[in-house]
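# Survey of secondary and tertiary structure
One letter stands for each residue in the lines below.
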Amino acid sequence: MFLVTGATGTVGRAVVDRLLAEGLPVRAVTRRPEAAGLPDGVEVVRADLGDADSLPAALTGVHRVFLSTAGPEIPTHDANLARAAAAAGVEHIVKLSSGRAGDAAATDPIPAWHRAGEDAVRASGVAWTMVRPMGFMSNALHWAPSIRESATVRAPFGQGRIAMVDPRDIAAVAVAALGDPPLHAGRVYTVTGPQALSPGEQTETLAEILGRPLRFEEISADRARADLLRFGVEPEMAAAVMALRATALESFTSVVHPTVAEVTGRSPRTFREWAFDNRAEFAAAQ
């Protein structure tokens, strides 16, 4: 049995889909099973990573775990799951982490939260693999409303370039690790796409895919943070997101790693391929 946390999230759902495609038994934990919307064949159980007492039942009979958590509670949630997994006899945990979690100098919130989560997983005694994506191509979906409404992409740190990766490729690496623990246990995988792109370059690609002109407008960090708050992001999380976005100006975010090809045997998808597959999200209403 494979347990997937964060199964309704971008990467978690892709992990679920890959496991099902391979004919493997999948159990997903969520606080709201009635709203999960997961495919037939997934055993959906109610549990809360913030409530340690809810986890033993969810882990009964589970051999391997995909651990995906988010926000300021990452350290607590990862620790709760890791301890419960150890008690349940789980063989292997694959944790979705942050591309900068291994950098002790990265003291901004998101890598710090994930670093603490990784420490908790290691301390549990369960075999582990860490998957550290540098950035998600799917973050471009945040631009969909402004593209539909005004043919404009607005983003801060316009000179920054990130070697973003398709979430499906992150899932492919994670599922490979879940499928062969002896090969992948104790490994840390930094995962990127095949090229680093700036927001302006992503805008050009989206324009080509959509077949209409788009404009890139660089906005201030303050305005970007205000936009997050306006869309309902909590202040602590908005500050963390902005700190992470600012790292796009540092050189390490543009480094391309060969991990996807090495682990899965095929090249990672390009941003153009991702954009083509998701073009309907950006299309203007007719």
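Below you will find a few notes about this structure. Being a predicted model, the structure only gives us computed values, none of them experimental.

It is worth spelling out unusual backbone geometry at this point. At A151, a residue that is not glycine, the phi angle is positive and equals roughly 55°. The residue A151 is located in the loop between α5 (144-150) and β7 (152-155) in this model. What makes A151 buried here is its relative accessible area of 19%. The phi dihedral of F157 is positive, around 55°, even though this residue is not glycine. Position of F157 relative to the elements: it lies in the loop between β7 and α6 (167-179).

A separate point is the sheet that holds strand β5 (residues 92-96). Pairing in this open sheet of seven strands is parallel, and the strands run β3-β2-β1-β4-β5-β6-β8 from one edge to the other. Looking at the sheet topology across the chains shown, the edges are occupied by β3 (42-46) and β8 (187-191). The mean angle between the axes of side-by-side strands here comes to 20°, regardless of whether they run parallel or antiparallel. Relative to strand β2 (residues 26-30), strand β1 (residues 2-4) is paired through three bridges, and the arrangement is parallel. From the neighbouring strand, L3 faces β2, where its bridge partner is R27. On top of the sheet, α6 reaches β1, β4 (64-67), β5, β6 (127-133) and β8; it is set at about 165° to β5, its chief contact.

Glancing now at the pairing of β6. Each regular strand shows side chains that alternate between the opposite faces of the sheet. Most of β6 sits inside the fold, with six of its seven residues counted as buried. Pairing of β5 with β6 involves five bridges; the strand directions are parallel. Paired with K95 across the strands is M130, a residue of β6. Sheet topology places β6 next to β8; five bridges connect them, and they run parallel. Bridge pairing in β8 places M130 opposite V188.

Definitions and limits used
- Residues numbered from 1 in each chain as written.
- Predicted model: local features only at pLDDT ≥ 70, side-chain atom pairs only at ≥ 80, totals over all residues.
- Heavy atoms only, no water.
- Helix = DSSP H or I, 4+ residues; strand = E, 2+ residues; numbered from the N terminus.
- Buried < 20%, exposed > 50% of the residue type's maximum accessible area, 1.4 Å probe, protein only.
- Pairing = 2+ DSSP bridges.
- Axes fitted to C-alpha atoms, helices over the stretch in contact; angles between N-to-C directions.
- Contact = heavy atoms within 4.5 Å.

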